[in-house]
Every structure is written in structure tokens, then in C-alpha cells.
Amino acid sequence: MLSVADFKKLTDVIYRRTGIKIELKRYEVLKPKLERVFEQFGYDDFRSFFHDFRFEKNPDLIQEILNTVTINETYFFREKYQFETLINEVLPHLHQIRPPDETIRILCAPSSTGEEPYTIALALLDEGQLLKARDFELVGIDIDSKAIEKARAAVYTPRSVQQVPPHLLQQYFIQRPDGKYELVDFLKEVVNFQVVNVMERQAMRRLGKFDVIFCRNMLIYFDEISRREVAMTFYELLKPKGAVFLGHAESMNRIVSVFKTVRSGETIYYVKE
Ligand SMILES: C[S@@+](CC[C@H](N)C(=O)[O-])C[C@H]1O[C@@H](n2cnc3c(N)ncnc32)[C@H](O)[C@@H]1O
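Residues numbered from 1 in each chain as written. Predicted model: local features only at pLDDT ≥ 70, side-chain atom pairs only at ≥ 80, totals over all residues. Heavy atoms only, no water.

Chemist: Explain the domain arrangement of the protein chain here, please?
Modeler: Many descriptions give the size of an interface as the accessible area lost when the pieces come together. Domains assigned within the protein chain are domain 1 (4-69) and domain 2 (80-271). The gap between the C-alpha centroids of domain 1 and domain 2 is 29 Å. Every contact between the two is made by 10 residues of domain 1 and, on the other side, 12 residues of domain 2. For the pairing of domain 1 and domain 2, the buried interface totals around 890 Å² over both sides, and the portion due to carbon and sulfur atoms is 46%. Note that E64 is salt-bridged to K146, the shortest N-O span being 3.1 Å. Our enumeration of links across domain 1 and domain 2 arrives at eight residue pairs in polar contact (both at pLDDT 80 or more). Looking at the side of domain 1 that touches domain 2, the elements with two or more residues in it are α1 (4-18) and α4 (59-69). Of the residues forming the side of domain 1 that touches domain 2, the biggest block, four residues, is contributed by α4. Residue classes in the side of domain 1 that touches domain 2 are distributed as three nonpolar, four polar and three charged. (Domains from an automatic or database assignment. Contact = heavy atoms within 4.5 Å. Buried area = accessible area lost by both parts, 1.4 Å probe. Salt bridge = Lys/Arg side-chain N within 4 Å of Asp/Glu carboxyl O. Polar contact = N/O pair within 3.5 Å; in protein donor to acceptor, adjacent residues only side chain to side chain. Helix = DSSP H or I, 4+ residues; strand = E, 2+ residues; numbered from the N terminus. Nonpolar A, V, L, I, M, F, W, Y, C, P; charged D, E, K, R; others polar.)

Okay, here's the thing in C-alpha cells:
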């Protein structure tokens, strides 16, 4: 049912709405998955599906298509050195310069299934002193509603928790009979998860201002124009002296020049002056 030409039309609309560039090489893998969604929503030809998709007739259909094309790969303590820099350098500095009663707000955009914001929570608990001295708020957003559901449930495979230090795994996870690891309840409540598209500036503005933004391993799927748009949204959302962390394959210098680049050991982060 889904020809290559149809696939191109569909991915073009997805790109304009989300910034995600879906390459033609994903056609063979995505075709049966997308066709299953068409069937699930009762479409027997691409034309009628595409009409409803393009003119936003059914938000559930749009969400299901987006959930199908996203790549959610993530795990706890991914690129661990970045969390060390956050805890040992960036947050202590922000703690020093912010008014004492101000909450330090950290955004993970995108958070996928939650491992990244929960890693920050675990790293803060492990360090201990910062949490005693001030309030922190963690927000995780993703365009994929299924990923956000999983993040809220916080049940993970052994592979996903492989890099969690043993003492933290023991203290903050419950091993279930099915071999999966479930985060303890109080930690599930520490992160505020929401379904948000980073390309929708109004929705992003509603999240408020942040001290730190993690945006790792998403911009690699975006093209240059969308990357720039997202970078400028982050600039707007950041408080002065706030910092952005990108994935190791990504660089802000290649996107916009408004941030100051800071190198600290293996980590590079970007500061709003
Ligand atoms: C590979 S995961 C990265 C997760 C985590 N930050 C990490 O580095 O481990 C990429 C995530 O980006 C999300 N994503 C893609 N486009 C998005 C958009 N326009 N707005 C919000 N999230 C988006 C996908 O749904 C996916 O969960």
C-alpha cells in the first residue's frame, strides 16, 4: 500500500512538523510498521490516510505515526563523563551564582524513555551536598507519547541499567520477577515528563526558563535549518549563564554562534553569556 513516492510525501510532512529527516533507506523497515498504523485506523488507501494526516483531522493518528518513526535508543549513564561535569562543575557554579531560594531547573529535550533525566536525579542523589543546599526541578520532554508513558512507568531492561553504578542500582531499583528493573516510586515522581515537540516554540515557552538543557542524540536526525531553530529556542529558554549539553557527535558551533563553548576534560558544553 505504501509506495516509495507515498513514503516521500509522508516523510516530507513529518519533517516540516518535527524537524526529523527520515532517510529513504528506512523505507523497507518502516513500510510494514506504517501500514499497520493505516490498518489500525481503518484506512485502505494511502490517499485518504494522507488527507487526514496532512490536514490534522485526527491527533491520535498523528501521534501514532510519530511514535512509529522515532528512534528512542537511550540508556542510563550514557556518556557518563557529561554527568560528572554537570555534577562537579556546572551545577556547583550555578548554585554559587543563583539567588539561594531559586530552584535550579534542568530540561532533558528529548528524554525518550526517561533514562537520561533519571540519571541526573541519581547523580544528584549520589553527590548529596547539592540536594541538601537547594531545590532542583527536572523536566523531560519527548514527541513520542509511548516513550513518555514508558518514562513514567520507569521499568527498564538489564541492558538499559548496565552502566548504573552497583550501589545506585541496589539502592534505587527493585528487581522484578521478570528480570526487569523498576525505579523506586519516589524517584519516578522526581521528573516531570511531558509530550512536547521541540519545534513548537509556544509549547516550549510554556515549559518556562531553565538553567541546564540536555539535548543529546536528537539533532543528528534533524537537518541544518531545524537544528538552528531548536538551538535558538534553547537560547531563549536558558537563563543567563545556563548551559547546554549535546551528544558527543553534535556541535553547537556548527549550528549557531551565540553560545560560548566550554571544554572540560572530555566534555564540551555551551554557555549562554
Ligand atoms: C535517540 S533518542 C535520545 C534520548 C536521550 N537524549 C539520549 O541521548 O540517550 C532521540 C529522541 O528524540 C525524540 N524526538 C525526535 N524529534 C523530536 C521532536 N521534534 N521533539 C521532541 N522529541 C523529539 C525521539 O522521539 C526520541 O525519543
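Read on, since the account is not over.
Chemist: How do you make sense of the nonpolar core when you look at a structure like this?
Modeler: Note on soluble globular proteins: their nonpolar side chains tend to be buried together. Among the nonpolar cores identified, the biggest contains 51 residues, and L34, F49, I65, L107, I141, M204 and M252 are the most heavily contacted of them. Two domains each donate at least three residues to this core, and these are domain 1 (4-69) and domain 2 (80-271). Ignoring anything within four residues of it in the chain, the contact list for L34 reads L2, F7, L10, I65, T68 and V69. Counting residues in hydrophobic clusters, the runner-up holds 43 residues, among them L86, L169, V191 and F245. (Core = buried A, V, L, I, M, F, W, Y, C linked by side-chain atoms within 4.5 Å. Buried < 20%, exposed > 50% of the residue type's maximum accessible area, 1.4 Å probe, protein only.)

Chemist: Could you clarify how one ought to interpret the pairing of strand β10 (residues 267-271) in this entry?
Modeler: For a regular strand, the rule is simple: side chains alternate between the two faces of the sheet. Of all five residues in β10, four are buried; the element is thus mostly enclosed. As paired elements, strand β8 (residues 238-246) and β10 share three bridges and run antiparallel to each other. For A243, the partnering residue across the bridge sits in β10 and is V271. Pairing analysis gives five bridges linking strand β9 (residues 260-264) to β10, with the strands arranged antiparallel. Residue pairing in the sheet places R263 in a bridge with I268 of β10. The turn linking β9 back onto β10 is made up of two residues, and G265 within it adopts a positive phi angle of 60°. (Pairing = 2+ DSSP bridges.)

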